[in-house]
Amino acid sequence: MDYSSIQCPVYVVDGQIDSYRDFLPRLLANLKVPRKGLMGPWVTSSNWRMRARARLGDGRGPLVDRVAAWRRYRDHG
């Protein structure tokens, strides 16, 4: 991947329970633009809006609203 070709701020949501779990740390380490990542114990979904609220840990922890987290990043000046 040519990380230098990415010229815009990046916000990545990734899950630890799938085969892409190494992508987020590698991407954040190599980008030179403003960047942020959210990784949790969920499966990465192509329809992540429908699964936007995921429980942390053993399923009894707090809910994480991934869409709200993305909006906070997007709206940050």
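Parameters and conventions
- Per-chain numbering applies: the sequence of each chain, read as written, is numbered from 1 onward.
- With the structure being a predicted model, the display of local features is reserved for residues of pLDDT at least 70 and the display and counting of side-chain atom pairs for 80 or more, all residues being used for whole-chain, interface and lining totals.
- Neither water nor hydrogens contribute to the side-chain values; these are computed over all heavy atoms in the structure.
- When DSSP finds two or more bridges between two strands, those strands count as paired.
- Each helix is a run of H or I in the DSSP string that is no shorter than four residues. Each strand is a run of E no shorter than two, and both are numbered from the N terminus.
- Whether a crossover is right-handed comes down to one check: with the strands pointing away from the viewer, does the path from the first strand over the helix to the second run clockwise; if it does, it is right-handed.
- The cut-offs for exposure are 20% and 50% of the maximum accessible area for each residue type, with area from a 1.4 Å probe on protein chains only; residues under the lower value are buried, those over the upper are exposed, and the others partly exposed.
- Side-chain atoms within 4.5 Å are what join buried Ala, Val, Leu, Ile, Met, Phe, Trp, Tyr and Cys residues into a set we call a nonpolar core.
- Here, residues are in contact when the closest pair of their heavy atoms is within 4.5 Å.
- Known as pLDDT, the predictor's confidence for each residue is given on a scale from 0 to 100.

1. Considerations on the pairing of strand S2 (residues 35–40)
Examined bridge by bridge, strand S1 (residues 10–15) and S2 share six bridges and lie parallel to one another. Bridge pairing links Val13 to Leu38 in S2. You can see the chain leave S1, run along helix H1 (residues 23–30) and come back into S2, and the turn it takes is right-handed.

2. What to know about the pairing of S1
The element S1 is extensively covered by neighbouring structure, given that six of its six residues are classed as buried. Here S1 shows two buried faces, one formed by Val10, Val12 and Asp14 and the other by Tyr11, Val13 and Gly15.

3. Notes on the nonpolar core
Of all hydrophobic cores here, the largest spans seven residues; its members are Tyr3, Val10, Val12, Leu24, Leu27, Leu31 and Val33. Counting residues per element, the ones that place at least two in this core are S1 and H1. Every residue in contact with Val10, bar those within four places of it in the chain, is listed here: Leu27, Leu31, Val33, Pro34, Arg35, Lys36 and Tyr73. Counting five residues, the second largest nonpolar core, distinct from the first, contains Tyr11, Val13, Leu38 and Val64.

4. Some thoughts on the confidence of the model for the protein
For the protein, per-residue confidence averages 76 on the pLDDT scale, and 70% of positions sit at 70 or higher. For the protein, per-element mean pLDDT is lowest for strand S3 (residues 53–55), which scores 53, and highest for H1, which scores 93.

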